Every structure is written in C-alpha cells, then in structure tokens.
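Examination of the molecular architecture
These are the residues of each chain, in order.
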Amino acid sequence: MTTATSTPQRQRPLWAMSLPPRFDVHRTDFLDRLEPVRDRWVAIDGSGVNFADHAAIDALVATRLRFLDAGGDLRLVEPSTAFRVTLELTGDAALLEPAGDLVELGVR
C-alpha cells in the first residue's frame, strides 16, 4: 500500500496544469500520459472545476498513487469549493491531500 508523503514546500513543481471546468471520465486521458519523476512533483490546479464525476476523481487518485510509487508526487492545489465538497463527500480528499495556495507552493 502506498502512503502519502508531504510535498517539498520549498521546491517548485516540475510543472503545473489546470483541470477543465467539467472534469469527467471523458476528460481524464491526459492523466495516463503524465510521467512521474523521482523527488519532483506536479501541481494540478483544481480552481476552475465546477463539476467532477467519481470516475474522473478515481483516475486522479490512481495517478497520484502512481506518482508516489515512483518517488514523486502529484498535488491537487486550490480546488474549487464545488470540487472540494465532492472530494469530501466521496472520501477522496484524504487520498489527494488538496493543498491551498498556488503562490504558497511556488507555482505562481
């Protein structure tokens, strides 16, 4: 079983990207193409998400676990209120460990 590790707060992410406003099963194929890098992390901006289905959230969780297994990390940052509520209702917030501020994490 994979255990979550804390993101190096002072280290800038390898790169950052934004999720689409409608994050559903039809918009997850890019996650399969993401390649983890040991000791580096990727920031996924969830601030613009106004809908997320469970299949898309499962794909995001699976991608984070793949990154952790490879020694890197994938962090969901600034999830919108709607997205955060959905994550909490599905129980996936603990698996994704959403982070607050992109500026604080050195992304912006």
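The structure contained in this document is the topic of the report that follows.

What counts, and where the lines are drawn
- Residues numbered from 1 in each chain as written.
- Predicted model: local features only at pLDDT ≥ 70, side-chain atom pairs only at ≥ 80, totals over all residues.
- Heavy atoms only, no water.
- Salt bridge = Lys/Arg side-chain N within 4 Å of Asp/Glu carboxyl O.
- Helix = DSSP H or I, 4+ residues; strand = E, 2+ residues; numbered from the N terminus.
- Buried < 20%, exposed > 50% of the residue type's maximum accessible area, 1.4 Å probe, protein only.
- Pairing = 2+ DSSP bridges.
- Axes fitted to C-alpha atoms, helices over the stretch in contact; angles between N-to-C directions.

Let us look at the pattern of salt bridges. In the structure shown here, the tally under the stated rule is five salt bridges. One salt bridge connects arginine 64 with glutamate 97, and the closest N-O pair in it is separated by 3.6 Å. Of the two residues, arginine 64 is situated in helix H2 (residues 54–69) and glutamate 97 in the segment after helix H4 (93–96); the sequence distance between them amounts to 33 residues. A residue is classified by how much of its surface remains accessible, and glutamate 97, at 25% relative accessible area, is partly exposed. Among the charged side chains, a network of salt bridges with common partners joins Arg22, Asp24 and Arg27.

A few words on the sheet that holds strand S1 (residues 15–18). In a beta sheet, neighbouring strands pair by backbone hydrogen bonds and run either parallel or antiparallel. Taken in spatial order, the three strands make up an open sheet running S1-S3-S5, and their pairing is parallel. Each edge of the open sheet carries a strand with a single partner, namely S1 and strand S5 (73–77). If you compare each strand with its neighbour and ignore which way they point, the axes differ by 25° on average. Relative to S5, strand S3 (residues 41–45) runs parallel, the two sharing five bridges. By the bridge assignment for S5, isoleucine 44 is matched with leucine 76.

Scope: geometric values only; no functional claims are made or implied.
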